[in-house]
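Fold and geometry: a report
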Amino acid sequence: MLKRKMETTLAQWKAEKKHTPLIIKGCRQCGKSFIVEKFGRENYEHVVLLDFVKDSSYSAIFEGSLDVDHLTMLMSANIGTRASFVPGKTLIVFDEIQECPNARTALKYFALDGRYDVIGTGSLLGVHGYGKKNLPRSVPVGYEQIEEMYPLDFEEFLWANGIDENTFRYLNECFQAETPVPNALHERLRELLLQYVVVGGMPEAVEAFVETKQLNTVLAIQRRIIRSYKDDMVKYAGDEDKVKIKECFESIPRQLSKENKKFQYSIVRKNARASEYISCLQWIEDAGIIRRCYNLSTPKLPLDGNAESDKFKVYMADTGLFVSMLEDGTQWDILQGNLYTYKGAIYENLIADFLGKMGRRLYYYHKDSGLELNFIIRRNGSAVPIEVKATNGNAKSLRTVLNHPEKYHVKEALKIIDGNIGRDGKVLSIPHYLTFLLQI
């Protein structure tokens, strides 16, 4: 059974004396429903589950009065003996709550009532074109807590593969002291990192890998998930956007195979314009499938204030799913240590995966002169560039910005490499598997 960080978030939520209903949003099949049901079984005497996808008749419960007593009466009538409502001891779970917008509205009344804890999960909350025919009466602003859940990050992947807390503490000590990781541990973590690139963090894929080590099984699961995402685009998007959304999504490998990985609408379709596709790209991002990485006009704080909204790269939110979209044989190349295949796209997507699953927004810096910094993050109160390199080699762009602090406002930098920890003046190099330690 996979250990997830969301379990800690759920425990903290329950421990708060006056907690509002909780919404957990995230891409489909990232483990939301499983972790909520597990939490309910372990922490409540009674769990009342309404899965709006599995049984659409539950939506009728919320068509009339949203008074809590009225709703629990209807739930009891619909569910029968499986529904037991005991103040302080019952958890009500609205699974895939976007399928019943009025259940989202009802969260306000459960919050005001306070007798029962309520958790909703949602995969497509707020996506463009969703639910036009069945809008909620109102969104319960101020009466719900929203948390985002992602596929497993690398730290969770390491948990699944038996890496213990003592090892994590030791790695953090090496990172803080800027001391190389001993070779035996370094090689083991490097091997696990390559496996993570191929497997990614979708729970079903990770469980299959841990149990069988059969990557053909993992690949079949990943490609089935990709197909389900495309099915969602056809099922839930507005009629005018269905084809365009799929075109945007299917263009991602081509976008990242270019030397200049800036997203170009002409790659989606010849002569395409931003005005035709921008909302379609937003749909995919809102569904949690991709992340945009915005170019900065200048590499300094505030990062969001210096972001150029019309210049960005697009990465898959989960690197394993990205690799599954590439041609057969890519998995073999990666496991042989060739992370810089596909013109560096896989390596860059990996770092975007690390940073995005921390909850960081993504930024980079590019100038027509050829100066490019792969990522910029906020760290220790400063804007810190990250160079993504296959080895601890030349980093011309980093040297340029560090040698002109009055122009670029950069005082230190990071290089993420297929090597060990080391420092060269203002540049700290860290192995790619330690990227998860760059927490906010």
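Residues numbered from 1 in each chain as written. Predicted model: local features only at pLDDT ≥ 70, side-chain atom pairs only at ≥ 80, totals over all residues. Heavy atoms only, no water.

Examining the environment of E204
Put simply, the rule reads: Helix numbers and strand numbers start at the N terminus; a helix is a DSSP run of H or I with at least 4 residues, a strand a run of E with at least 2. Between buried and exposed lies partly exposed: a residue is buried under 20% and exposed over 50% of the maximum accessible area for its type, with that area taken using a 1.4 Å probe on protein chains only. We call two residues in contact whenever any of their non-hydrogen atoms come within 4.5 Å of each other.
Mapped onto the elements, E204 comes out in helix α8 (residues 203–212). The exposure class of E204 is partly exposed, given its relative accessible area of 36%. The residues touching E204, leaving out its near neighbours within four places in the chain, are Q29, I221 and R224.

A word on the state of the cysteines
So the rule is basically this: Cysteine sulfur pairs qualify as disulfides if the two atoms are within 2.5 Å.
Within the structure shown, the criterion is met by zero disulfides. The cysteine C293 is free of any disulfide, with C248 supplying the nearest cysteine sulfur at 18 Å.

Quick notes on helix α16 (residues 345–357)
Because an α-helix completes one turn every 3.6 residues, residues spaced three or four positions apart along the sequence face the same direction. As a reminder of what qualifies: Given the number of residues in a helix, its expected span is that number minus one, multiplied by 1.5 Å.
For α16, spanning 13 residues, the distance from its first C-alpha to its last is 18 Å, which sits close to the expected 18 Å at 1.5 Å a residue. Across the 13 residues that make up α16, a large majority, 13, are buried. Remark: G359 follows α16 within two positions and exhibits a positive phi of approximately 90 degrees.

Structural notes on the sheet that holds strand β12 (residues 413–417)
The cut-off we apply is this: We treat two strands as partners when DSSP finds at least two bridges between them. Inter-axis angles, ranging from 0 to 180 degrees, are taken between N-to-C directions of lines fitted to C-alpha atoms, where helices are fitted over the stretch in contact.
As summarised here, the arrangement of the five strands in space is β10-β11-β12-β14-β13, forming an open sheet in which the pairing is mixed. Only two strands of the sheet have a single partner each, and these edge strands are β10 (375–379) and β13 (422–424). Mean inter-strand twist for the sheet, computed between neighbouring axes without regard to direction, equals 30 degrees. Bridge count for β12 against strand β14 (residues 427–431) is five bridges, and the pairing is parallel. Looking at β14, one finds that I417 is bridged to P431.

Let's talk about unusual backbone geometry
That bond from L301 to P302 is cis: its omega, -5 degrees, falls within 30 degrees of zero. Counting through the fold element by element, P302 comes out in the loop between β6 (290–296) and β7 (307–316). A positive phi angle, close to 55 degrees, is found at E96, a residue other than glycine. Tracing the chain through its elements places E96 in the loop between β3 (90–95) and α4 (101–113). Taking relative accessible area as the criterion, E96 reaches 10% and is therefore assigned buried.

Quick look at the sheet that holds strand β8 (residues 362–366)
What links the strands of a sheet is backbone hydrogen bonding, and the strands pair in either a parallel or an antiparallel sense. Reading across from one edge, β7-β6-β8-β9 is the order of the four strands in this open sheet, with mixed pairing throughout. Whereas interior strands pair on both sides, the edge strands pair on one side only; in this sheet they are β7 and β9 (372–373). Strands in contact with helix α13 (residues 274–286) are β6 and β7; relative to β6, the strand with the most contacts, it is inclined by about 120 degrees.

Brief notes about the pattern of salt bridges
Definition in use: Basic side-chain nitrogens of Lys or Arg form a salt bridge, by our definition, when they fall within 4 Å of a carboxyl oxygen of Asp or Glu.
Overall, the coordinates contain 27 salt bridges when judged by the stated rule. E7 is paired through a salt bridge with K38; the nearest N and O atoms lie 2.8 Å apart. One end of the pair, E7, is in helix α1 (residues 6–15); the other, K38, is in helix α2 (residues 32–43), and 31 residues separate them in sequence. With relative accessibility at 8%, the residue K38 sits in the buried group. Across the pair R104 and E144 runs a salt bridge whose closest N-O atoms are separated by 2.8 Å. In this pair, R104 sits in helix α4 while E144 sits in the loop between β4 (117–122) and β5 (145–148), placing the two residues 40 residues apart along the sequence. R104 sits in the buried class, given a relative accessible area of 15%. Judged by relative accessible area, which is 14%, E144 ranks as buried. The structure contains a network of salt bridges with shared partners spanning K5, D153 and E155.

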